[in-house]
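# Report on the structure
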Amino acid sequence: MNRRHRCGPRLWAAALVLVTALGLAALPQQAVSAASAAEGPSVTLSKSQAGTGGSITVSGSGWRSKTLLMMLICGQSEPGKGVIGGTNSCANADGRAVTTGSDGTFSKELPVAEPPVPCPCVVHVATVTGDKAQVDAVLKVAGHPVKALPAQAGAGKLSVLTDTRLDGSSGVLTWFGAPATRTFVFTVGNVGSAPLKDPVFQVGTSHGVFAPQWEDQQWRGTIAPGRKAQIKLPVELTSGAHGNYLVSLKFGGKVLAEQPWGVGRPWGVTLFWILLCVVIPAAVFRIGMAVVDRVRPRRSGGAGRHRSGLRLSEVTARLPKLTLPESSRRSTDKAPDPTKASATSTSTSTALPWFTPDTDPGAPAGQLSAPSDNSPTTKGNT
């Protein structure tokens, strides 16, 4: 009984220590999860410095679950200041896409490539669809030149006050594949404490799930604190572009506005190719016929008629001779009668329809009809 009583407190103490240890082990994980949720998305790199041709592992947490992200190595950028020049300052060809898990984390290997602009460089991670979110992590690209970031013109801050719009329309040349152009119009106000002189905006166009292609455009003028101004910036697409596009406006590394843009298909290009497929075969056929007509030997017209005349004479020479019966011979011994002679010639021509006046083998050459005076019987009587 005493042993049982002594072992009881020991068992309770051991159980209490085990529960306390488990609670302390779970507490840091809960604290980390709560901290990551409060801080928002974050990105960590396996290496802070790497050379071209190598690779680093990019890990992230605190992102939305099942979200598509784009990872790029960009120059002229620092965390908190954004990427100056947009994706034009990034190594877009060596970028990688990754999808977050159900817990909002990811891990992906990214090849190291030199951006088209000098460092300082970062690994830029941004969402492709849904709500905009982006995080930059510092990366030193070994061997790549480094230059200071351009100075900012003033400490002013801009805010879009009115809805954006795209002014302009497509012309006939756009129907045949010329680049579609519009004017991006919006009104901004300076909500900062310093005037903004000649601010530089970034206008980007994106198609589908692809990231925007940013282009720097400077507006000439000064916006005083508490003042507003209407900004007009040109926007141009590539030749033959069509479909649904999205025009984005960025200032100071922050996206201020977005405007959808539907571009029609350039049907003139399709019509041109259809006509080209019809005209080229027709032209080739005409050229071929002309070459055949030029190469083929020609036959003279006189020679052809001479051959046909010889053939006709040969045929008529082989035909049997016409012999008159005895009664017809005796009647010809009498005095010729013009009426009877004409009747006889008429009956002869009627009885022999295959002979024409100029092909009759018995008729003299150059004589259309045989008169009765030229008959052998008539010459004998005279």
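Higher on the page you've got the structure.
These lines cover the structure that appears in this document, whether it is placed above or below. What you are looking at is a predicted structure, and each value in this text was computed from that prediction instead of being measured.

### A short note on the overall build of the protein
Along its length, the protein carries 7 helices and 20 strands. Within the protein, the proportion of its 382 residues that are buried is 27%. For the protein, long-range pairs separated by at least 24 residues make up 68% of all intrachain contacts whose partners lie at least 6 apart in sequence. Working note: accessible area of the protein is about 25500 Å², and carbon and sulfur atoms make up 59% of it.

### Re the pattern of salt bridges
A full pass over the atoms with the stated rule returns 3 salt bridges. One salt bridge connects Arg165 with Asp167, and the closest N-O pair in it is separated by 3.1 Å. Take Arg165: its relative accessible area is 38%, and that puts it in the partly exposed class. On the accessibility criterion, Asp167 (30% relative accessible area) is partly exposed. For Arg220, the salt bridge is made with Asp198, and the minimal N-O distance between the two is 3.7 Å. Within this pair, whereas Arg220 is found in the loop between β16 (213–218) and β17 (222–223), its partner Asp198 is found in the loop between β14 (196–197) and β15 (200–207), the two being separated by 22 residues in sequence.

### Some words on empty space enclosed by the protein
Within the structure shown, the criterion is met by 1 cavity of 30 Å³ or more. Taken as a whole, the largest cavity spans an internal volume of roughly 40 Å³. For the largest cavity, the full set of lining residues is Thr174, Gly177, Ala178, Ala180, Thr238, Gly240, Ala241, Gly264 and Pro266. Of the residues in the lining of the largest cavity, the class split is 4 nonpolar, 5 polar and no charged.

### Description of the sheet that holds strand β3 (residues 55–61)
Taken in spatial order, the 3 strands of this open sheet run β1-β3-β8, and their pairing is antiparallel. Each edge of the open sheet is held by one strand with a lone partner, namely β1 (42–45) and β8 (106–111). With direction set aside, neighbouring strand axes in the sheet form an average angle of 25 degrees.

### Focus: a nonpolar patch on the surface
The grouping of Val172, Trp175, Phe176, Trp267, Leu271, Ile274, Leu275, Val278 and Val279 at the surface amounts to a nonpolar patch, some 920 Å² of accessible area in total. For the nonpolar patch, the elements supplying multiple residues, two or more each, are α2 (172–175) and α3 (267–295). For the nonpolar patch, the element with the highest residue contribution is α3, accounting for 6 residues. Within the secondary structure, Trp267 sits in helix α3.

### Thoughts on the state of the cysteines
What the rule picks out here adds up to 2 disulfides. Residue pairing for Cys74: its cysteine sulfur links by disulfide to Cys90, the two sulfurs lying 1.9 Å apart. Across the disulfide from Cys74 to Cys90, rotation about the S-S bond amounts to roughly 95 degrees, and the bridge is consequently right-handed. With Cys74 in strand β4 (residues 68–74) and Cys90 in the loop between β6 (82–83) and β7 (96–99), this pair connects stretches of sequence that are 16 residues apart. At a sulfur-sulfur separation of 1.8 Å, the disulfide partner of Cys119 is Cys121.

### Topic: the packing of aromatic side chains
A complete count under the given rule lists 6 aromatic pairs for this structure. A centroid spacing of 6.4 Å and a plane angle of 65 degrees characterise the contact between Trp63 and Phe106, whose relative ring orientation is edge-to-face. Highlighted residues: Trp63 in the loop between β3 and β4 and Phe106 in strand β8, separated in sequence by 43 residues. An aromatic cluster of three or more residues is present, and its members are Phe184, Phe186, Phe201 and Phe251.

### Points about the side chain of Ser77
As for its position among the elements, Ser77 is in strand β5 (residues 77–78). Among residues more than four places away in sequence, those in contact with Ser77 are Gly82, Val83, Pro120, Cys121, Val122 and Leu149.

### Things to note about the pairing of strand β18 (residues 228–236)
Of the two faces of β18, the one holding Ala229, Ile231, Leu233 and Val235 is buried and the one holding Lys228, Gln230, Lys232, Pro234 and Glu236 is not buried anywhere. One ladder, built from 9 bridges, connects strand β13 (residues 181–190) with β18; its direction is antiparallel. In the sheet register, Thr181 faces β18, and the bridge partner there is Glu236.

### Some remarks on the nonpolar core
The tendency in soluble globular proteins is for nonpolar side chains to be buried side by side. Residues Phe186, Phe201, Ile231 and Trp261 are the most contacted members of the largest nonpolar core, which totals 23 residues. Breaking this core down by element, the ones donating at least two residues are β13, β15, β18, β19 (243–251) and β20 (254–263). Ignoring any residue separated from it by four or fewer positions in sequence, one finds Ile231 in contact with Phe184, Val185, Phe186, Val188, Phe201 and Trp219. Val98, Phe106, Val135 and Ala137 belong to the second largest nonpolar core, which has 20 residues in total.

### Digging into the side chain of His124
Turning to its location among the elements, His124 is positioned in strand β9 (residues 121–127). The class for His124 is buried, based on a relative accessible area of 11%. Polar side-chain contacts of His124 include one of 2.5 Å to the side chain of Asp136.

Thresholds, definitions, all that
Residues numbered from 1 in each chain as written. Predicted model: local features only at pLDDT ≥ 70, side-chain atom pairs only at ≥ 80, totals over all residues. Heavy atoms only, no water. Helix = DSSP H or I, 4+ residues; strand = E, 2+ residues; numbered from the N terminus. Buried < 20%, exposed > 50% of the residue type's maximum accessible area, 1.4 Å probe, protein only. Contact = heavy atoms within 4.5 Å. Areas by Shrake-Rupley, 256 points an atom, 1.4 Å probe, with all protein chains shown as cover. Salt bridge = Lys/Arg side-chain N within 4 Å of Asp/Glu carboxyl O. 1 Å grid on protein atoms, 1.4 Å probe; cavity = no way out; pocket = protein on both sides within 12 Å on 5 of 7 lines; lining within 4 Å. Points joined across faces, edges and corners; volume = space filled by probe spheres on them. Nonpolar A, V, L, I, M, F, W, Y, C, P; charged D, E, K, R; others polar. Pairing = 2+ DSSP bridges. Axes fitted to C-alpha atoms, helices over the stretch in contact; angles between N-to-C directions. Patch = residues over 30% accessible without salt bridge, like charges linked within 9 Å, V, L, I, M, F, W, Y side chains within 5 Å. Disulfide = S-S within 2.5 Å. Phe/Tyr/Trp six-rings, centres within 6.5 Å; stacked < 30°, edge-to-face > 60°. Core = buried A, V, L, I, M, F, W, Y, C linked by side-chain atoms within 4.5 Å. Polar contact = N/O pair within 3.5 Å; in protein donor to acceptor, adjacent residues only side chain to side chain.

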